[in-house]
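Remarks on the overall topology
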Amino acid sequence: DAGVHSKAWYAATCDRKMAEDALYRSNKDGSFLIRKSSGQDSRQPYTLVVFYNRRVYNIPIRFIESTRQYALGREKSGEERFDSVAEIVENHQRSSLVLIDSQNNTKDSTKLKHIVRVS
């Protein structure tokens, strides 16, 4: 289960709208949680939801079957891969996560700072 179920940042029963609402309420840059992806695709089991600059970003977490690892967003060469979803979170609590807004074609970055719990 990628070791997510015991984690404070994992919102097991949360859908996209609930996650986005919770992050807008938090209104703190770097607020985040991880939820199950809407599509229930084994290759994209989770979504990292991050709040930054009054926006919510939904970043897919991919599962790479061949290496049994996880990566963020669309597949790209030289991408960072992690052995667990928890490693992704720990890594981006220390180093910035690039946020790409495909609609406005802008890039931002933030660290994962505040765990948001969905009530």
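Summary of the structure given here.

About the criteria used
Residues numbered from 1 in each chain as written. Predicted model: local features only at pLDDT ≥ 70, side-chain atom pairs only at ≥ 80, totals over all residues. Heavy atoms only, no water. Salt bridge = Lys/Arg side-chain N within 4 Å of Asp/Glu carboxyl O. Helix = DSSP H or I, 4+ residues; strand = E, 2+ residues; numbered from the N terminus. Buried < 20%, exposed > 50% of the residue type's maximum accessible area, 1.4 Å probe, protein only. Core = buried A, V, L, I, M, F, W, Y, C linked by side-chain atoms within 4.5 Å. Contact = heavy atoms within 4.5 Å. Polar contact = N/O pair within 3.5 Å; in protein donor to acceptor, adjacent residues only side chain to side chain. Pairing = 2+ DSSP bridges.

Now for the pattern of salt bridges. Under the counting rule described, the total for this entry stands at 7 salt bridges. For the salt bridge of Lys17 with Asp21, the shortest nitrogen-to-oxygen distance reads 2.8 Å. Placement of both Lys17 and Asp21 in helix 1 (residues 16-26) is noted, with a separation of 4 residues, approximately one turn of the helix. On the basis of relative accessibility, which here comes to 53%, the residue Lys17 falls in the exposed class. Three or more residues joined by partner-sharing salt bridges are found here, namely Arg62, Lys76, Glu79 and Arg81.

In a soluble, globular protein the nonpolar side chains are often hidden away together inside. Core analysis: the biggest nonpolar cluster contains 23 residues, and Trp9, Ile34, Leu48 and Ile61 have the highest contact counts within it. When residues of this core are traced back to their parent elements, those giving at least two are strand 2 (31-41), strand 3 (44-52), strand 4 (55-64), strand 5 (69-72), helix 2 (85-94) and strand 6 (97-101). Those residues in contact with Ile61 that sit more than four places away from it in its chain are Ile34, Arg43, Gln44, Pro45, Tyr46, Thr47, Leu48, Tyr70, Ala71, Leu72, Val85 and Ile88. Core analysis: the second largest hydrophobic core is formed by 10 residues, Ala11, Cys14, Leu23 and Leu33 among them.

Relative to the assigned elements, Thr47 resides in strand 3. Engagement of the side chain of Thr47 in a polar contact is seen with the side chain of Ser37, the distance being 2.8 Å. For Thr47, the residues in contact, after removing those within four places along its chain, are Leu33, Ile34, Arg35, Ser37, Asn58, Ile59, Pro60 and Ile61.

Looking now at the pairing of strand 6. With burial as the criterion, only one face of strand 6 is covered, namely that bearing Leu97, Leu99 and Asp101; the residues Val98 and Ile100 on the opposite face remain uncovered. Pairing between strand 6 and strand 7 (residues 106-110): 5 bridges, direction antiparallel. In the sheet register, Leu99 faces strand 7, and the bridge partner there is Asp108. In this antiparallel pair of consecutive strands, strand 6 and strand 7, the connection spans 4 residues, and Asn105 shows a positive phi of 55°.

Limitation: the analysis is restricted to geometry and does not speak to function.
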